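# Observations on chain architecture
In case you want the letters, here they are:
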Amino acid sequence: MRTGAAYLDGRVLFSRVEEAVALKDRLRGLLGRDGLTAGAGMLLSPCGSIHTFGMRFSLDVLFLDRHHRIVTIRRGLRPNRMAWGGFRARHALEAQTGWLDAAAPRRGSSLEFVWHSL
């Protein structure tokens with residue numbers, strides 16, 4: 001899994017993003033964790049829908065299209081729920097509930113990811 005940062009309108013949205021691309025990493029996602037640290041998120045790619053079965057905390061989720069534009073925003077997704085990003089969703093960026101409040105992302109906004117070298 002590689003890590004990086006996510007920017008929204010030139011501002012840091014997440015200072016640490018883990019990208020889950022391999023099937024085993026996407027299947028595991030955030031399961032088994034008690035939460036995320038402030039400023040952390042997980043990008044599932046490809047991903048058009050998610051579930052929170054077995055999760056220990058609620059999520060805010062940004063579903064992104066292939067150009068990393070926000071197509072759907074789901075806030076406060078509690079454990080044992082499902083969410084679909086819509087037909088254009090290709091990625092899901094998950095964060096602990098409440099982290100997106102200050103950033104106020106909107107549909108149509110573009111995210112930029114900068115990945116760290118290993």
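Residues numbered from 1 in each chain as written. Predicted model: local features only at pLDDT ≥ 70, side-chain atom pairs only at ≥ 80, totals over all residues. Heavy atoms only, no water.

A few words on the nonpolar core. Formed by 18 residues in total, the largest nonpolar core has its most connected members in Leu-30, Leu-44, Ile-50, Leu-59, Phe-63 and Ala-92. Elements with a minimum of two residues in this core: β3 (40–44), β5 (59–64) and β6 (70–77). Once residues lying within four places of it in the same chain are set aside, the contact partners of Leu-44 are Ala-20, Arg-26, Ile-50, Arg-90, His-91, Ala-92 and Glu-94. By size, the runner-up hydrophobic cluster in this structure holds 15 residues, among which are Leu-13, Leu-93, Leu-111 and Phe-113. (Core = buried A, V, L, I, M, F, W, Y, C linked by side-chain atoms within 4.5 Å. Buried < 20%, exposed > 50% of the residue type's maximum accessible area, 1.4 Å probe, protein only. Helix = DSSP H or I, 4+ residues; strand = E, 2+ residues; numbered from the N terminus. Contact = heavy atoms within 4.5 Å.)

Before going further, it helps to examine the environment of Leu-77. Residue position: Leu-77 is located in strand β6. The buried category is assigned to Leu-77, whose relative accessible area is 11%. C-alpha of Leu-77 to C-alpha of Asp-60: the two residues are 17 residues apart in sequence and 6.2 Å apart in space. Sequence-distant contacts of Leu-77, defined by excluding residues within four places in its chain, comprise Ile-50, Thr-52, Ser-58, Leu-59, Met-82, Ala-83 and Thr-97.

As a further point, take the sheet that holds β3. Within a sheet, neighbouring strands are paired by backbone hydrogen bonds and run either parallel or antiparallel to one another. With mixed pairing, seven strands are arranged side by side in an open sheet as β6-β5-β8-β3-β2-β1-β9. Of all the strands in the sheet, just β6 and β9 (111–115) have a single pairing partner and so form its edges. Direction aside, the axes of adjacent strands within the sheet are offset by 30° on average. The sheet contact formed by β5 and strand β8 (residues 91–96) spans six bridges and is antiparallel. Counterpart to Leu-64 in the pairing with β8 is His-91. (Pairing = 2+ DSSP bridges. Axes fitted to C-alpha atoms, helices over the stretch in contact; angles between N-to-C directions.)

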